[in-house]
Each structure stands twice: as C-alpha cells, then as structure tokens.
Amino acid sequence: MTDQTNLFATAQQQLDEAASVIALDAAAHQLLRWPLRELHVTLPVKMDNGTTQIFHGFRVQHNDARGPNKGGIRFHPDETIDTIRALAAWMTWKTALLDIPLGGGKGGIICNPKTMSSGELERLSRAYIRQLGSFLGPDKDIPAPDVYTSPQIMAWMLDEYSTMQGKNKFGVITGKPLALGGSAGRGDATARGGIFCIREAADTLGLNLAGARAAIQGYGNAGSFAHKLCVELLGMKVVALSDSKGSIYNPEGFLYPALLAHKQQTGSVTGFPGAEVISDSELLKLEVTVLFPAALESVITAKNAPDIRAKIIAELANGATTPEADTILHHNGVYLIPDLLCNAGGVTVSWFEMVQNAYGYYWQEEEVHQHLEKKMKAAFHSMQQAAQTRKVHNRMAAYIVAIERVAEAMKLRGWY
Ligand code: GLU
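What comes next is a walk through the structure.

What counts and what doesn't
Residues numbered from 1 in each chain as written. Predicted model: local features only at pLDDT ≥ 70, side-chain atom pairs only at ≥ 80, totals over all residues. Heavy atoms only, no water. Pairing = 2+ DSSP bridges. Helix = DSSP H or I, 4+ residues; strand = E, 2+ residues; numbered from the N terminus. Axes fitted to C-alpha atoms, helices over the stretch in contact; angles between N-to-C directions. Disulfide = S-S within 2.5 Å. Buried < 20%, exposed > 50% of the residue type's maximum accessible area, 1.4 Å probe, protein only. Contact = heavy atoms within 4.5 Å. Near = heavy atom within 4 Å. Polar contact = N/O pair within 3.5 Å; in protein donor to acceptor, adjacent residues only side chain to side chain. Areas by Shrake-Rupley, 256 points an atom, 1.4 Å probe, with all protein chains shown as cover. Nonpolar A, V, L, I, M, F, W, Y, C, P; charged D, E, K, R; others polar. Core = buried A, V, L, I, M, F, W, Y, C linked by side-chain atoms within 4.5 Å. Salt bridge = Lys/Arg side-chain N within 4 Å of Asp/Glu carboxyl O. Expected span 1.5 Å × (residues − 1). Phe/Tyr/Trp six-rings, centres within 6.5 Å; stacked < 30°, edge-to-face > 60°. Parallel < 35°, antiparallel > 145°, perpendicular 65-115°, else oblique. Left-handed = near helix turned anticlockwise from the far one by under 90°.

Looking at the sheet that holds strand β4 (residues 73-76)
Move 1: Sheet architecture is open: four strands sit in the order β1-β2-β5-β4, paired in mixed fashion. For this open sheet the edge positions go to β1 (37-46) and β4, each flanked by a neighbour on one side alone. Pairs of neighbouring strands in the sheet enclose a mean axial angle of 20 degrees, with direction left out of account.
Move 2: Examined bridge by bridge, β4 and strand β5 (residues 104-110) share four bridges and lie parallel to one another. For I73, the partnering residue across the bridge sits in β5 and is G107.

What about the state of the cysteines?
Move 1: Across all of its chains, the model carries zero disulfides by this definition.
Move 2: The cysteine C197 is free of any disulfide, with C342 supplying the nearest cysteine sulfur at 5.4 Å.
Move 3: Its relative accessible area of 1% is what places C197 among the buried residues.
Move 4: What makes C342 buried here is its relative accessible area of 0%.

Digging into the environment of I248
Move 1: Relative to the helices and strands, I248 resides in strand β9 (residues 246-249).
Move 2: Measuring from C-alpha to C-alpha, the distance between I248 and F272 comes to 7.9 Å, with 24 residues separating the pair along the chain.
Move 3: The contacts of I248, once residues within four sequence positions are left out, are V239, A240, L241, F254, L259, V269, T270, F272, A275, E276 and I278.

Description of the pairing of β5
Move 1: Across the seven residues that make up β5, a large majority, six, are buried.
Move 2: Bridge analysis of strand β2 (residues 52-63) against β5 gives six bridges, and the strand direction is antiparallel. In the strand pairing of β5, G57 is matched with I109.

So, the site of the ligand
Move 1: Taken together, 14 residues are adjacent to the ligand, and K70, K94, P145, D146 and S350 come closest.
Move 2: Between K94 and the ligand, the recorded distance is 2.7 Å, taken from a side-chain N or O atom to an oxygen atom.
Move 3: Between the ligand and N318 there is a distance of 3.1 Å, counted from an oxygen atom to a side-chain nitrogen or oxygen.
Move 4: With the chains in place, 94% of the 290 Å² that the ligand exposes on its own is no longer accessible.
Move 5: Breaking the shell around the ligand down by element, the ones donating at least two residues are α3 (81-97) and α12 (345-359).
Move 6: The residue makeup of the shell around the ligand, split by class, is four nonpolar, five polar and five charged.

A look at the nonpolar core
Move 1: If you look at the biggest cluster of nonpolar residues, it comprises 88 residues, and the most contacted ones within it are W93, F292 and L341.
Move 2: When residues in this core are grouped by element, the largest group, 12 residues, is from helix α14 (residues 394-413).
Move 3: Those residues in contact with F292, other than ones at most four positions away along the chain, are I195, I198, A214, A215, I216, Q217, A226, C230, A314 and L316.
Move 4: Counting residues in hydrophobic clusters, the runner-up holds 26 residues, among them I109, C111, M116 and M154.

Section: the pattern of salt bridges
Move 1: For the structure on display, the rule yields 26 salt bridges.
Move 2: Across the pair R126 and E122 runs a salt bridge, and its minimum N-O distance is 2.9 Å. On the criterion of helical spacing, the pair formed by R126 and E122 is a turn pair, its members being four residues apart in helix α4 (residues 118-132).
Move 3: E122 sits in the partly exposed class, given a relative accessible area of 25%.
Move 4: Within the structure, one salt-bridge network assembled from shared partners comprises E122, R126, R130, D159 and E160.

Points about α14
Since one α-helical turn is 3.6 residues long, residues separated by three or four positions face the same way.
Move 1: For α14, which comprises 20 residues, the first-to-last C-alpha distance of 29 Å matches the rise-based estimate of 28 Å (1.5 Å per residue) to within 8%.
Move 2: Where burial is concerned, most of α14 is hidden: 14 out of the 20 residues are buried.
Move 3: Just downstream of α14 lies G414, where phi reads positive at about 85 degrees.

A word on the packing of aromatic side chains
The description of an aromatic ring pair uses the distance of the two centres, along with the angle that the planes make with each other.
Move 1: One pass over the full model with this rule turns up five aromatic pairs.
Move 2: Relative to F272, the ring of F254 has its centre 5.8 Å away and its plane inclined at 70 degrees; by these criteria the two rings are edge-to-face. One end of the pair, F254, is in the loop between β9 and α8 (256-266); the other, F272, is in the loop between α8 and β10 (276-278), with 18 residues separating them in the sequence.
Move 3: A relative accessible area of 16% places F272 in the buried class.
Move 4: Measuring from centroid to centroid gives 5.2 Å for F352 and W363, while their planes differ by 45 degrees, and the two rings are tilted. With F352 in helix α12 and W363 in the loop between α12 and α13 (365-390), this residue pair connects regions lying 11 residues apart in the sequence.
Move 5: Classification of F352 by relative accessible area gives buried; the value is 3%.

Observations concerning the packing of helix α6 (residues 189-205) against α12
Move 1: At a minimum axis distance of 7 Å, the contact between α6 and α12 shows a crossing angle of 120 degrees. Viewed along their axes, α6 and α12 adopt a mutual orientation that is oblique. Handedness of the crossing formed by α6 with α12: right-handed. Here A189, T190 and G193 of α6 lie close against α12, whose contacting residues are G345, G346 and V349.
Move 2: When grouped by side-chain class, the residues that make up the contact of α6 with α12 number two nonpolar, four polar and no charged.

Digging into the sheet that holds β9
Move 1: Spatially, seven strands are ordered β10-β9-β8-β7-β11-β12-β13 in an open sheet, and the strand pairing comes out mixed. Two strands close off the open sheet at either side, each with one partner strand: β10 and β13 (335-337). Each neighbouring strand pair of the sheet contributes to a mean axis angle of 20 degrees, computed without reference to strand direction.
Move 2: With five bridges joining them, strand β7 (residues 213-217) and strand β8 (residues 237-243) adopt parallel strand pairing.

Listed below in structure tokens is the structure:
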C-alpha cells in the first residue's frame, strides 16, 4: 500500500498540518499521532459447512483524554490495522468537535459479510467480543455499527458481553435495536446530522435548496437515509445514486420509497426502471448543489477533484477525500463539510443512547432530533469561526477546534 492510499498516513498528515497552524506543543503532537492502545485478535469460527475458519480483527483506542473511547466496528474484506488507526483517530476529533465527553476508538474484522450466513456472522461477532471483553465497557470503550455491521450485530455483541459480565450492560455498545436499549432516532442520525449541516452551509452561502439537485454515492444506511431526508427536510431532488454495483441518473429525481423497495427486492439500486446508467466517475462530476460521498474512503482524489462541479460536498463517509483533493476543492471554491462534522450525527445519538442507558429512561424521537440539531449547529459554527479566524479550509478548521479541546484535556491530566 502506498502512502497515498494509506489512510493512517493521511490522518497523520492532516494532524501535522493542523498542529503546525496552531503551533501545537511537540509532545502533545507526537502523542496524538499514535493510538494509545490497540489489540489484535484471532478468531476461530465454526462455519455452516462444518469447517473452522480463522479470522483476524482489531480494536484501536486512539485517545481517551476527554472520556471513554467510542467508535464503530467494520466488517470488511480489505480491513487493515492502518485503516482502523485512522478511523479511530477521526473518532477522537469527531467527539471533540461535537463536544461530547468521549474519546476515539474503532474496530474491524477482516471478513466478507456478504458471503456469510446469519449464523456465521453471529458466531464471528460473539468470538470478537470474547477476545475483546476486558478492553471494553461503558466507561472504557463503547463500539457501535459502521460499514457492514448492523443493529442485529450490536445485539449479539451486547448479549455476549453481558453474559461474560453476568449482568446486563446496555451501555457497552450503541446502535442497538430499540427493544434492547437502542435510542429512537439512531437509525437515521448520521444522515440527519449531515442534513442539518447542509442547511447551515446553504445559509452561509446564500443558496436556495428547495428543488436543487443532489447526487449520492453509496446507498447503505447513511446514503439511503440521506436520500429520504434530502427530499423530506430540504425539498431537494436526488438525481443520481450509486452502490457497489453501479450508478444511475434521472434528471427528474428519484422517489425514495420506490427506490428503497427496488433496492430491497433486487439488492441494488441498479436496474431501477426508467433510470439512465452512468459511470461511477460521472456521478461524482455531475453539476449538482450537493454531492454526498456516502460509501468508503478515498473516493475524491487529486485525479477527479478538478472536475467536481458540486457546490457543497457533504462527507457522510469517513475519509472520502484525500488531502491533495482537499486543496484542489478549496481552491475551486467547493464548500466541503468534512466527515468529522458531517457524519457526526451518528456518534452524537450514540452518546444520547449511552445517556439513556445509564438513566434507564428513554426519550421520544422528537427530543432526540432537537438535541441533535442543537449539537450539530454548535459544532458547525465553531468550525466556521475557526475557518475564518485561522484562514484555513473547513477540514483544517474542524481539526483545529478538536485538537485544541483534546490538548487541553491532556494538559489538565498532566500528560504533557
Ligand atoms: N461508526 C460511526 C462513525 O464513524 C458511529 C460511531 C458511534 O456511534 O460510536 O462515526
């Protein structure tokens, strides 16, 4: 893997740049370049065909100066320790930017969940928690869903952890089903948080979103809810969509219920009646008001960034844009809402879920939305202010706000 595609090198490069803008203390900077802890696990899992398959996984705890480590678990065939390190660091910055009393962590298992049965996924999820058990806890490290993990997987993991502890520990994991201590509003929280940011960005830019066009790259949890909420809350037209099987276009806009039903029936957005087939790279270059990268990392690069014609990029995916592309987009006047802010609705409602678990008292969905909106707006404006005073692009501004908060906590603890 080259440095260009090594996500951890990207995360370190972003930190280095922000650290130099604020002249961060050298020891604090070095400390923040690396995770505080990481665990590598090897997992034997009985497969349906009677064989035992060995899987490898990780959990990285980047920094817990501001509170317990927090972050999702990914199931992906291309998972690497460096990807997880980067994603854990981004969780530290995300929780700090949102001013949530949590740190940053991330986990992953190298596997292809698309080829595994439900029973195999359950045994894999339980094996992971058996290995990680002593590393986790509501006051240590709290996982959540991420790429290709679901509320059902969180439920198995919660059950395994609670069995190991001999008592129910609902607060050890978030993104759980409602019947097992999940929070109302967690399902669409990532997309909803992004929509709140787009509203603020449009206000700043003086853009009218009603009837304006959006394109969504990726149609998983975040991407599909972005489609729904773009139409329902912003009155936008979603003219292009994609998933791992391809991209489709319709200048009239796609209706959410029909598209979702098609995806559920066929397993893909492709083949939707009346849609024009376009290439994945054409989707990224469409003339739209908002482009949502909502799939995997390193999608917007130095190669395609010069051709991007969106006015706003809303990064629902973590690590969607490379540092080289950031510079190009900034230079071209594209307003980027960075992942640290744009997709932070997920972890914010995860925090609400932990709070509700601790109290044993659950909020109405409306209350969750109101608290989320307040948090997202506050974080948006702290980023915006830092961008203006420091004269940097939005990602750097988000980093600066976050680093200053984490550095203050580390200083107060006497870590440097
Ligand atoms: N996986 C999500 C993220 O990257 C959510 C993490 C969480 O809820 O802890 O922000």
